[in-house]
Amino acid sequence: MIGIGSDHGGFSLKQTVIQHLKEKGYEVKDYGCYSEESCDYPIYAKAVAQGIKNGEITGGILICGTGIGISIAANKIPGIRAASCTDTFSARAAKEHNHANILALGERVIGKGLALDIVDTFLEAEFSNDGRHIRRIEMIENES
Ligand code: RB5
């Protein structure tokens, strides 16, 4: 199950990503927001992050205007590794090297076609399980 959340700045792209993922056969849990009315991105970052932590979802997608605020908010939560990506190379590396469990996107930064390619790349990539990457992630978790 993939979790997805956005603020108003990412609402339209969120709806597009949900439809795309459902068409590809993914199960999707929508954590809001549910309209373009102005709202606060930390609420949705926290909801998706908690969904990962309690095992409700295996990974998440967060969208705001830039992808920045919502990824900063998600990364405050221990165990969450949110990567804001604007290209497929970074999206693949975020999963393979950084074991990112959330992909963040900026609706006002990239077009929908690129956004969907980035989503597909991120979801299809796998963590490399290489010792050096594991060590670095552990260093982040231990804040050293
Ligand atoms: C909302 O206007 C906008 O600030 C937000 O979506 C996001 O871009 C913040 O980082």
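The rules behind each value
All residue numbers refer to position in the chain's written sequence, counted from 1. The model is predicted, so local features are restricted to residues of pLDDT at least 70 and side-chain atom pairs to those at 80 or more, both for listing and for counting; the totals for chains, interfaces and linings are taken over all residues. Hydrogens and waters are ignored; side-chain quantities use all the structure's heavy atoms. Each helix is a run of H or I in the DSSP string that is no shorter than four residues. Each strand is a run of E no shorter than two, and both are numbered from the N terminus. Our radius of gyration looks at C-alpha atoms and nothing else; its globule reference is 2.2 Å times the residue count to the power 0.38. Working rule for contacts: check all heavy atoms of both residues, and any pair within 4.5 Å makes them a contact. For the accessible areas, the method is Shrake-Rupley and the probe is 1.4 Å, while residue cover comes only from the protein chains on display. His residues and chain termini do not enter the charge count, which takes Lys and Arg as positive and Asp and Glu as negative. Each charge is placed at NZ for Lys, CZ for Arg, CG for Asp and CD for Glu. Think of it this way: a Phe, Tyr or Trp ring, Trp meaning its six-membered ring, pairs with another when their centres are within 6.5 Å, and the plane angle makes it stacked under 30 degrees, edge-to-face over 60, tilted otherwise. Charge-over-ring placement is defined geometrically: NZ (Lys) or CZ (Arg) within 6 Å of the ring centre, and within 35 degrees of the ring normal. Two strands are counted as paired when DSSP detects at least two bridges linking them. All axes here are fitted lines through C-alpha atoms, helices being fitted over the stretch that makes contact, and every angle between N-to-C directions spans 0 to 180 degrees.

1. Details of the overall build of the chain
Counting secondary structure elements, the chain contains six helices and five strands. For the chain, the sequential pattern of α-helices and β-strands runs β-α-β-α-β-α-β-α-β-α-α. Taking 15 Å as the expected radius of gyration for a compact globule of 144 residues, we find that the chain reaches 14 Å, a close match to that expectation. Dimensions of the chain, computed from C-alpha atoms along their principal axes, come out at roughly 45 × 25 × 25 Å. For the chain, restricting intrachain contacts to residue pairs at least 6 apart in sequence, the fraction spanning at least 24 positions comes to 69%. Only carbon and sulfur atoms are counted for the fraction: they give 49% of the accessible area of the chain, which is about 7,300 Å². One way to put it: in the chain the 15 positive side-chain charges average out to a point 4 Å from where the 19 negative ones average out.

2. Thoughts on the packing of aromatic side chains
Under the counting rule described, the total for this entry stands at zero aromatic pairs. In this arrangement the basic side chain of Lys 29 is found over the ring face of Tyr 31, its NZ or CZ atom lying 5.1 Å from the centre. Lying across the ring of Phe 122, Lys 95 places its NZ or CZ 4.4 Å from the centre.

3. Quick word on the sheet that holds strand β1 (residues 2-6)
The parallel open sheet is built from five strands, whose spatial order is β2-β1-β3-β5-β4. At either end of the open sheet lies a strand with only one pairing partner, and these are β2 (28-30) and β4 (82-84). Across the sheet, the mean angle separating the axes of adjacent strands is 20 degrees when strand polarity is ignored. When β4 meets strand β5 (residues 102-106), the two strands line up parallel, connected through three bridges.

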